[in-house]
Amino acid sequence: MILTAASRALADLFAPEVRGVFWKVLGLTLLALAALWLGLREIFMDVIMPWVTPYLPDLPAWAGWLTFIAGLFAALGLAAALAMLIAPISAIVAGFFLDDAAEIIEKRDYPNEAPGVALPLGQSIWSSVQFFLVVLAANILALFLLLVPGVNLVIFFVVNGYLIGREYFEFAASRHLGVEGARQFRRNNRGAVMLAGLMVALFLFIPILNLLTPLFAAATMIHLHKSLRATSPVVR
């Protein structure tokens, strides 16, 4: 069921009908990440470097390579911070377009079923902001554990898998069951939702494509929700 949902989601991701949403999410996410990179770099150069420079004595010419190595480590640190922020940034950008994608997927793949109803705009934006803050906090925790080999990757994978499964399954289900009904239905199927979330979290490790994780997650959970509704009762 989960593999089927993911494979159908991949097909949806590159379908002509979804192409408009695809390019909007990809383009705006790249712009947001580029702006964030420039912001982080400026903060590092203007705030952190003035504190560090006085502790560095003038280096002789032969030791100039130390400056290069220090700059390289700083660049790698900023890149690592940016990588940890891909999930929350892409989520908040995609949040403005997910209902459009969901409507397209439901009409195309489930033409004989009642279409879902999007949440009110204010509620949808608030949900996206809450998800952004929670994912940001989780990824900052993983960033602090960057120097512990393996541990940060496990935390990054498991926490993002759980959060992705919860958020996007409730998004898909709430279009048909309302917010409270979607939460209850997720709890009734928490094992399948968690496994699907972990599968989607693997997408975060694929460069470039990880920018489209929210679209892939939403499509996967739409198909999973439809499959679970066919086999599991809805408890209200």
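Check the entry above for the structure.
Residues numbered from 1 in each chain as written. Predicted model: local features only at pLDDT ≥ 70, side-chain atom pairs only at ≥ 80, totals over all residues. Heavy atoms only, no water.

Any chance you could break down a nonpolar patch on the surface for me, citing the residues and the numbers?
Among the surface-exposed residues, F96, L121 and I125 lie close enough to one another that they form a single nonpolar patch of about 330 Å² accessible area. With respect to the helices and strands, I125 occurs in helix α6 (residues 121-144). (Patch = residues over 30% accessible without salt bridge, like charges linked within 9 Å, V, L, I, M, F, W, Y side chains within 5 Å. Areas by Shrake-Rupley, 256 points an atom, 1.4 Å probe, with all protein chains shown as cover. Salt bridge = Lys/Arg side-chain N within 4 Å of Asp/Glu carboxyl O. Helix = DSSP H or I, 4+ residues; strand = E, 2+ residues; numbered from the N terminus.)

Quick rundown of the layout of surface pockets? Include the residues and the values.
Reported here for the largest pocket is a volume of approximately 540 Å³. Lining the largest pocket are 24 residues, with L119, S127, S128, E167 and E170 sitting closest to its centre. Within the residue set of the lining of the largest pocket, elements represented by two or more residues are α5 (98-109), α6 and α7 (151-188). For the lining of the largest pocket, the element with the highest residue contribution is α7, accounting for eleven residues. Here the residues of the lining of the largest pocket sort into ten nonpolar, seven polar and seven charged. (1 Å grid on protein atoms, 1.4 Å probe; cavity = no way out; pocket = protein on both sides within 12 Å on 5 of 7 lines; lining within 4 Å. Points joined across faces, edges and corners; volume = space filled by probe spheres on them. Nonpolar A, V, L, I, M, F, W, Y, C, P; charged D, E, K, R; others polar.)

Would you mind going over the side chain of H225 in detail, with residue names and values included?
Secondary-structure assignment places H225 in helix α9 (residues 213-231). Leave out the neighbours within four places in its chain, and H225 touches F169, A172, A173, H176, L177 and F185. (Contact = heavy atoms within 4.5 Å.)

Can you tell me about the packing of aromatic side chains, naming the residues and giving the values?
Tallying each qualifying case throughout the model produces five aromatic pairs. Taking 4.4 Å as the distance between ring centres and 25 degrees as the angle between the ring planes, the aromatic pair formed by F203 and F216 counts as stacked. With F203 in the loop between α8 (190-201) and α9 and F216 in helix α9, this pair connects stretches of sequence that are 13 residues apart. The burial state of F203 is the same as that of F216; both residues are buried. Here a set of aromatic residues connected by ring pairs shows up, and it is made of F14, F22 and W23. Lying over the aromatic face of Y110, K226 brings its terminal NZ or CZ to 5.2 Å of the ring centre. (Phe/Tyr/Trp six-rings, centres within 6.5 Å; stacked < 30°, edge-to-face > 60°. Buried < 20%, exposed > 50% of the residue type's maximum accessible area, 1.4 Å probe, protein only. Lys NZ or Arg CZ within 6 Å of the ring centre and 35° of its normal.)

Residue-level account of the pattern of salt bridges, with values.
Close approach of charged atoms lets side chains of opposite charge pair. The tally for this structure, following the rule as stated, stands at ten salt bridges. With a closest N to O distance of 3.2 Å, E106 and R175 form a salt bridge. Of this pair, E106 sits in helix α5 while R175 is found in helix α7, placing the two residues 69 residues apart along the sequence. Like E106, the residue R175 is buried in the burial classification. Linking R183 and E180 is a salt bridge whose minimum nitrogen-to-oxygen distance equals 3.0 Å. Of this pair, R183 and E180 both sit in helix α7, three residues apart, roughly one helical turn. Judged by relative accessible area, R183 falls into the partly exposed class, the value being 33%. For E180, a relative accessible area of 53% puts it in the exposed group. In this structure, a network of salt bridges that share partners links the residues D12, E17, R108 and D109.

By themselves, these observations are geometric and do not establish any function.
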